Amino acid sequence: MTKFSLAQHKQYGLMLQDCHDKLIEFQVAVGQAYGVNSPASKFVRLAVHDIKDLKIEMEKIVFLENRSLEHREKVSIYTPNLRDNS
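In this report, we go over the structure that sits alongside the text.

Thresholds applied
Residues numbered from 1 in each chain as written. Predicted model: local features only at pLDDT ≥ 70, side-chain atom pairs only at ≥ 80, totals over all residues. Heavy atoms only, no water. Phe/Tyr/Trp six-rings, centres within 6.5 Å; stacked < 30°, edge-to-face > 60°. Buried < 20%, exposed > 50% of the residue type's maximum accessible area, 1.4 Å probe, protein only. Helix = DSSP H or I, 4+ residues; strand = E, 2+ residues; numbered from the N terminus. Expected span 1.5 Å × (residues − 1). Salt bridge = Lys/Arg side-chain N within 4 Å of Asp/Glu carboxyl O. Core = buried A, V, L, I, M, F, W, Y, C linked by side-chain atoms within 4.5 Å. Contact = heavy atoms within 4.5 Å.

1. Thoughts on the packing of aromatic side chains
Moving on, step 1. Per the counting criterion, the structure on display carries one aromatic pair.
Moving on, step 2. Consider the rings of phenylalanine 4 and tyrosine 12, whose centres lie 4.8 Å apart with planes at 45 degrees: the pair is tilted.
Moving on, step 3. Judged by relative accessible area, tyrosine 12 falls into the partly exposed class, the value being 27%.

Structural data, given as structure tokens:
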């Protein structure tokens, strides 16, 4: 089993962020078209939640595999919205 390189993590982090952003747009559209309490809206909310969970899990992996990186650089890979702004 070959682990991701840091460059791959960065590439996949951007891909997951794009996926998350598009799902949020889709969630709004589904809610407007079918209601926020519709089954479709529920499934989209679950998908958004699952993507968030995946991003957090991948961030943990980056920390474990790249202990020498600065905290800010590691956190900005999968969860840039949680970046430490200090």
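And the narrative resumes.
2. Comments concerning helix 1 (residues 6–34)
Moving on, step 1. Relative to the 42 Å expected for 29 residues at 1.5 Å per residue, helix 1 spans 41 Å between its end C-alpha atoms, a close match to the ideal helical length.
Moving on, step 2. Two residues or fewer after helix 1 comes glycine 35, characterised by a positive phi angle close to 95 degrees.

3. Thoughts on the pattern of salt bridges
Moving on, step 1. Within this structure, the stated rule accounts for two salt bridges.
Moving on, step 2. A salt bridge links aspartate 18 to lysine 22; its shortest N-O distance comes to 3.2 Å. Here the residue aspartate 18 and the residue lysine 22 both occupy positions in helix 1, the gap between them amounting to four residues, near one helical turn.
Moving on, step 3. The partly exposed category is assigned to aspartate 18, whose relative accessible area is 37%.
Moving on, step 4. Note that glutamate 57 and lysine 60 form a salt bridge whose closest N and O atoms lie 4.0 Å from each other. With glutamate 57 and lysine 60 both in helix 2 (residues 39–65) and three residues apart, this pair spans about one turn of that helix.
Moving on, step 5. With relative accessibility at 39%, the residue glutamate 57 sits in the partly exposed group.

4. Brief notes about the nonpolar core
Moving on, step 1. Among the nonpolar cores identified, the biggest contains ten residues, and these are Leu16, Leu23, Val30, Val44, Val48, Ile51, Met58, Val62, Ile77 and Tyr78.
Moving on, step 2. Elements that contribute at least two residues to this core include exactly helix 1, helix 2 and helix 3 (71–78).
Moving on, step 3. Setting aside residues no more than four positions away along its own chain, isoleucine 51 makes contact with Leu16, Cys19, His20 and Leu23.

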